[in-house]
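Each chain is listed here by its residues.
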Amino acid sequence: VTPIGPMRQRVEHNFFVSPGVPRWFGKMMAWGSCRQFHRDIDMWEHKMWRSRPLLTKGDGPIQKYRAWFKKFYSENSIPFVAPQAGSATW
């Protein structure tokens with residue numbers, strides 16, 4: 001995933017299959033990966049900021065990650081603006 005502008009990313013999937021693996025199997029793996037990626041888009045489009053999110057042990061150190069990531073933002077950073085209900089535009 002490569003950022004190309006505010007709220008826009010370019011996604012590229014590359015799959016490599018060993019010569020002995022059937023071509024149909026490689027295609028099936030690529031299809032499954034892309035399908036799962038598209039399912040995640042719905043979650044990304046409806047995410048919400050929670051200052052203290054509900055976490056499980058498997059979620060890892062989210063608060064440490066947030067603190068580390070915050071150093072890349074400044075007062076002049078473009079803020080996130082939630083989309084209007086029923087609108088496909090940001």
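Treat the numbers as computed from the prediction; the structure is a model and nothing was measured.

Draft legend 1. Spatial organisation of helix α1 (residues 23–45). Its 23 residues give α1 an end-to-end C-alpha distance of 34 Å, which sits within 8% of 33 Å, the value for a rise of 1.5 Å per residue. Along α1, the residues that are buried comprise Gly 26, Ala 30 and Phe 37.

Draft legend 2. Fine view of the environment of His 46. Here His 46 shows up in the loop between α1 and α2 (62–70). A polar contact is formed between the side chain of His 46 and the backbone oxygen of Asp 42, at a distance of 2.8 Å.

Draft legend 3. Examining the pattern of salt bridges more closely. Per the counting criterion, the structure on display carries one salt bridge. Glu 12 is paired through a salt bridge with Arg 10; the nearest N and O atoms lie 3.0 Å apart. With relative accessibility at 45%, the residue Glu 12 sits in the partly exposed group.

Draft legend 4. Fine view of the packing of aromatic side chains. Under the defined criterion, the tally for this structure stands at eight aromatic pairs. Ring geometry for Trp 24 against Phe 25: centres 5.9 Å apart, planes inclined by 90°, an arrangement best described as edge-to-face. The class for Trp 24 is exposed, based on a relative accessible area of 57%. Aromatic side chains Phe 69 and Tyr 73 sit 5.9 Å apart centroid to centroid with 45° between the ring planes, which places their arrangement in the tilted category. Classification of Phe 69 as partly exposed rests on a relative accessible area of 32%. Among the aromatic side chains, those forming a connected cluster through ring pairs are Tyr 65, Trp 68, Phe 69, Phe 72 and Tyr 73.

Quick notes on the rules
Residues numbered from 1 in each chain as written. Predicted model: local features only at pLDDT ≥ 70, side-chain atom pairs only at ≥ 80, totals over all residues. Heavy atoms only, no water. Helix = DSSP H or I, 4+ residues; strand = E, 2+ residues; numbered from the N terminus. Expected span 1.5 Å × (residues − 1). Buried < 20%, exposed > 50% of the residue type's maximum accessible area, 1.4 Å probe, protein only. Polar contact = N/O pair within 3.5 Å; in protein donor to acceptor, adjacent residues only side chain to side chain. Salt bridge = Lys/Arg side-chain N within 4 Å of Asp/Glu carboxyl O. Phe/Tyr/Trp six-rings, centres within 6.5 Å; stacked < 30°, edge-to-face > 60°.

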